[in-house]
Each structure stands twice: as structure tokens, then as C-alpha cells.
Amino acid sequence: LRKSFLAPNGEQIEVLRGATFTAKHGEVIAVTGPSGSGKSTLLHLLGGLDVVDHGTVTFDGIEITKLTPRKLAAFRRQKIGFVFQFHYLLPDLSAIENVALPLLIAREKREYAYSRAGNLLEDAHLTGREDHPVSHLSGGEQQRVALARALVTHPRLLLADEPTGNVDAVVAEELGKALVSYVRNNGAVGVMATHSASLASLCDRTFVLEGGRLKEPRDL
């Protein structure tokens, strides 16, 4: 994958210069590297949130980079779960409303959406907090709600961008293990961009994004 951006001064900045990897179902991959190295850009391209300059992204036999905008939106709803460092929850909605929302948007029955959301919040140790507005929850609780929302559609591809960057060490370990467990138990594929060595150690493989390319630590 190649991706560049135009700087305010008109300079063309090449962020990715041929980043390449493959992953198997049930596998979790960590992508590390300094801030500004392109980790978030890589995840955005994998998830179809941004357009590649050159290269292809193929998942489950579908070439994501060739989908029309409408088909790409449907693919994201059906196949991809996103977890961000800044959770992007809707503050005026309760925890369970936030988690159920992707299913309601997909026109699933309300009863099923709330049942599925409630089960995930229970798994996240948020029993009794389901009806609280997320603005009343702690940072760690909000990130657990965000994880539940990412998993509610049973995604086949889980993309996490610094998912433990804004929580303490105890919650970070809990979130990391939950992410990895979901991928392995459901035969999904997980890709996590992280600065955390402890989170990377939970993954099956680690790449370092350097010079716009993905390198394995032994190659550095």
C-alpha cells in the first residue's frame, strides 16, 4: 500500500511506501512504530475509511479497494469492527444504546439488538451501568463500551487504533486480552496499532512501521 498527503506548504508527504502483509483468520497482528509513522493511516486504508494511492486490500476474497462507496459502506457495517483511542461514543446516549446502535442501523430487530448489547456489556463487567449516559462513565468504562460496540455485529475484521492509549494499566490489559480473545475464538482477523509493548506481546505477530514499510523486529 502507498499513501501520500499534501502538506499545507504544498509538499507531498509519502506516509506509506509499500506496506505489505498477509494475515490468517484467528490471527492478531500488532503494528508498532513512533507517532507519525503512519499506523493510523494504515488502519484507515484497511478499513476503507481512506483511499489508497496504489495497492490493494483484499479480505475474505473481496477486494475492498475496488468496492463502490455504497458497497464499501455495507462491507464495513457487516464485516469490520473499529476500536479507536478516542472512543467516539455518543455522549447523550446510554451505554446500551451506544452498543446497540450499529445493529439498529443495520435494521436488526430492536429486541435482538438490545439483547446482544446487554450480553456484551455484561461480558465487559458493566452490569448495572447499561442505562447510564456514557458521559457519566469513567474513561475505562467508556473504552469498554466502545469495545462492546465494535464487537456487536460479530465483525470478521477487527481494527484497533491505540485501543489502550487512554486507560490505566489494569484496564489496558483487560481490553487487550478481550480483543485478542474475540479474534481467536471467532476466527476473525485483528490488526492493532499500538505503542504498548504489553499489548503487542499478546498478539501473534508484530510489525514495526518504519520508512513507510512494515518490518518484522528481527529485520531491523
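Right above here is the structure, for reference.
Notes on the structure in this doc start here. All residue numbers refer to positions counted from 1 along the written sequence of the respective chain. Restriction of local features to residues with pLDDT of at least 70 applies here, the model being predicted, together with a cutoff of 80 or more for giving and counting side-chain atom pairs; totals for whole chains, interfaces and linings are based on all residues. Excluded from the side-chain calculations are hydrogens and water; all other atoms, namely the structure's heavy atoms, are used.

All right, on to the overall build of the protein chain then. Along the protein chain, the regular secondary structure elements total 7 helices and 10 strands. Counting only C-alpha atoms, the protein chain reaches 50 × 40 × 40 Å along its principal axes. For the protein chain, buried positions account for 46% of its 220 residues. Any two residues whose heavy atoms approach within 4.5 Å at even a single point are treated as in contact. Intrachain contacts of the protein chain at a sequence separation of at least 6 include 68% that bridge at least 24 residues. Positive charges come from Lys and Arg, negative ones from Asp and Glu, while His and the chain ends are left out of the count. Lysine's charge is taken at NZ, arginine's at CZ, aspartate's at CG and glutamate's at CD. Side-chain charges of the protein chain comprise 25 positive and 25 negative groups, with the mean position of each set lying 7 Å from the other. A run of H or I in DSSP counts as a helix once it spans at least four residues, and a run of E counts as a strand once it spans at least two, with each numbered from the N terminus. Accessibility here uses a 1.4 Å probe with only protein chains present; expressed as a share of the type maximum, an area under 20% marks a residue as buried, one over 50% as exposed, and anything in between as partly exposed.

Before going further, it helps to examine the packing of helix 4 (residues 110-123) against helix 5 (residues 139-151). Helices that pack against each other are described as a pair by the angle of their axes relative to one another and the distance between those axes. Axis angles are defined between N-to-C directions and span 0 to 180 degrees, where every axis is a line fitted to C-alpha atoms and, for a helix, only to the segment in contact. Between helix 4 and helix 5, whose axes approach to 9 Å, the crossing angle comes to 135°. When the interaxial angle is binned, helix 4 and helix 5 end up oblique. For the pair helix 4 and helix 5, the sense of crossing is right-handed. Contact residues: Arg116, Leu120 and Leu121 in helix 4; Val145, Ala148 and Leu151 in helix 5. Looking at the contact of helix 4 with helix 5 residue by residue, the classes come out as 5 nonpolar, no polar and 1 charged. When describing relative orientation, an angle under 35 degrees is termed roughly parallel and one over 145 degrees roughly antiparallel, while 65 to 115 degrees is termed roughly perpendicular and anything else oblique. Crossings are classed by handedness, with left-handed meaning an anticlockwise turn of the near helix from the far one by less than a right angle and right-handed meaning a clockwise turn. Think of it as three bins: nonpolar holds Ala, Val, Leu, Ile, Met, Phe, Trp, Tyr, Cys and Pro, charged holds Asp, Glu, Lys and Arg, and polar takes everything else, Gly as well.

Whether two strands pair comes down to DSSP finding at least two bridges between them. Spatially, 6 strands are ordered 6-7-8-3-9-10 in an open sheet, and the strand pairing comes out mixed. Each edge of the sheet is formed by a strand with only one pairing partner; in this case those strands are strand 6 (80-84) and strand 10 (213-215). Direction aside, neighbouring strands of the sheet carry axes that sit 20° apart on average. Note: strand 7 (residues 157-161) against strand 8 (residues 189-193), 5 bridges, orientation parallel. Bridge pairing in strand 8 places Ala160 opposite Met192.

In this section: the pairing of strand 6. Within strand 6, 5 of the 5 residues are buried, which leaves it mostly tucked inside the rest of the structure. Burial along strand 6 is two-sided: Ile80, Phe82 and Phe84 and Gly81 and Val83, pointing in opposite directions, are all buried. In this sheet, strand 7 lies alongside strand 6 in parallel orientation, the contact comprising 5 bridges. Within the sheet, the bridge partner assigned to Phe82 lies in strand 7 and is Leu159.

Next up on the list: the packing of helix 3 (residues 95-105) against helix 5. Close contact between helix 3 and helix 5 brings their axes to 7 Å; oriented N to C, the two are set at 25°. In terms of orientation, helix 3 lies roughly parallel with respect to helix 5. The way helix 3 lies across helix 5 gives a crossing that is right-handed. When helix 3 is examined against helix 5, the residues Ala95, Asn98, Val99 and Pro102 are found in contact with a partner set consisting of Val145, Ala148 and Arg149. Here the residues of the contact of helix 3 with helix 5 sort into 5 nonpolar, 1 polar and 1 charged.

Once that is clear, we can look at the pattern of salt bridges. For this analysis, a salt bridge means a side-chain nitrogen from Lys or Arg found within 4 Å of a carboxyl oxygen belonging to Asp or Glu. Across all of its chains, the model carries 13 salt bridges by this definition. Each of the salt bridges in this network shares a partner with another, and the network as a whole consists of Arg2, Glu14 and Arg17.

This paragraph deals with the pairing of strand 7. Most of strand 7 is tucked away, with 5 of its 5 residues classed as buried. Of the two faces of strand 7, the one lined by Leu157, Leu159 and Asp161 and the one lined by Leu158 and Ala160 are each fully buried.

What follows is about the packing of aromatic side chains. Planes of paired rings set the category: under 30 degrees apart is stacked, over 60 is edge-to-face and the rest tilted, where pairs are Phe, Tyr or Trp rings (Trp by its six-membered ring) whose centres lie within 6.5 Å. What the rule picks out here adds up to 3 aromatic pairs. Seen from their ring centres, Phe84 and Tyr88 are 5.4 Å apart, and the 80° between their planes marks the pair as edge-to-face.

Before going further, it helps to spend a moment on unusual backbone geometry. One non-glycine residue with positive phi stands out, namely His125, at about 60°. Mapped onto the secondary structure, His125 falls in the loop between helix 4 and helix 5. Owing to a relative accessible area of 60%, His125 belongs among the exposed residues under this scheme. In this structure, Glu162 is a non-glycine residue whose phi angle is positive, near 50°. Here Glu162 shows up in the loop between strand 7 and helix 6 (169-186). Since its relative accessible area comes to 10%, Glu162 is described here as buried.

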